[in-house]
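Observations on chain architecture
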Amino acid sequence: MIPGKVSCLALMGSPRKGGNTALLLDAFCRGFQQTYSQAFMEIIPVAEKRIKPCRGCDACKGAEKSCIIKDDMQKIYPSIERGDMLILASPIYWWHMTTQLKSCVDRFYGMDYSLFQGKKIVFLSTFGSTQAESGFTIACDSIASMACFLGMDFVLAWGISTGELSLKENPIALKEAERLGREFLLP
Ligand SMILES: Cc1cc2nc3c(=O)[nH]c(=O)nc-3n(C[C@H](O)[C@H](O)[C@H](O)COP(=O)(O)O)c2cc1C
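Thresholds applied
- Residues numbered from 1 in each chain as written.
- Predicted model: local features only at pLDDT ≥ 70, side-chain atom pairs only at ≥ 80, totals over all residues.
- Heavy atoms only, no water.
- Buried < 20%, exposed > 50% of the residue type's maximum accessible area, 1.4 Å probe, protein only.
- Helix = DSSP H or I, 4+ residues; strand = E, 2+ residues; numbered from the N terminus.
- Right-handed = clockwise from strand over helix to strand, strands pointing away.
- Core = buried A, V, L, I, M, F, W, Y, C linked by side-chain atoms within 4.5 Å.
- Contact = heavy atoms within 4.5 Å.
- Near = heavy atom within 4 Å.
- Polar contact = N/O pair within 3.5 Å; in protein donor to acceptor, adjacent residues only side chain to side chain.
- Areas by Shrake-Rupley, 256 points an atom, 1.4 Å probe, with all protein chains shown as cover.

**So, the pairing of strand β3 (residues 85-91)**
Burial analysis of β3 places seven of its seven residues in the buried class, the great majority of the element. Every second residue of β3 is oriented toward a common face, with Met85, Ile87, Ala89 and Pro91 on one face and Leu86, Leu88 and Ser90 on the other, all of them buried. At this point the chain moves from β3, through helix α3 (residues 99-106), to the parallel strand β4 (residues 120-127), and the crossover so formed is right-handed.

This is the structure in structure tokens:
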């Protein structure tokens, strides 16, 4: 991977524009672009897209070899394929990523899994509880298993509680997210 040419796709799973997760992701990306100024970065707010849930028809496993559902995933698939690095950014909803992001991730089922091999994956999250066990660690475990299955390199998981301070009121957390992006090391 040539750092200058790195392509990074962020799937933003919060339905709240300018909410905690959006601010966290922006801060991380800002830092990342300070170091990798030539990097191609794309952020897709999946909650604003029309993404139907996988219906398990298995057409993608047959002659079609790709997902037959016609919705915005058809435009998102090439971005996933292109990216060297995939960021999943999501608030914790009921001990996991949001439904909007999970619907998108479920649709990876229709892709050629070998395309994920060697890509980096990052998980950025915000959650209301002051205990990471209230969902963040469970989501991390799930993403780690998914990354392992797909041959991806799960390089960073970072989450912050918004229970006492929203991200808007927490410049220290935003600075930390920016630093993590800036000091993020590509091989
Ligand atoms: C439907 C729903 C479910 C939630 N479930 C959890 C949860 O299981 N654990 C937790 O710590 N916080 C939970 N929260 C709190 C959010 O994760 C938290 O407020 C987050 O920072 C919101 O991010 P956003 O501003 O990007 O939407 C939940 C919030 C909502 C709306």
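Next comes the rest of the account.
**A look at the nonpolar core**
Ranked by size, the top nonpolar core spans 32 residues in total, and within it Leu11, Ile80, Leu86, Leu88, Phe108, Ile121 and Phe123 carry the most contacts. If you list the elements that add at least two residues to this core, you get β1 (7-12), α2 (73-82), β3, α3, β4 and α4 (136-150). Counting residues per element, this core draws most heavily on α4, at seven residues. Residues in contact with Leu86, not counting those within four places in the same chain, are Leu9, Leu11, Phe108, Lys120, Ile121, Val122 and Met152. By size, the runner-up hydrophobic cluster in this structure holds 29 residues, among which are Ala27, Phe28, Ala89 and Phe184.

**Section: the site of the ligand**
Taken together, 16 residues surround the ligand, and among them Arg16, Thr21, Ile92, Thr126 and Thr162 come closest. One nitrogen or oxygen atom from the main chain of Ser129 is found 3.0 Å from an oxygen atom belonging to the ligand. Contact distances for the ligand include 2.8 Å between an oxygen atom and a side-chain N or O atom of Thr162. If the ligand stood free it would expose 650 Å²; the protein chains cover 75% of that surface. Only α1 (20-35) and β4 provide two or more residues apiece to the shell around the ligand.

The analysis is restricted to geometry; functional conclusions fall outside its scope.
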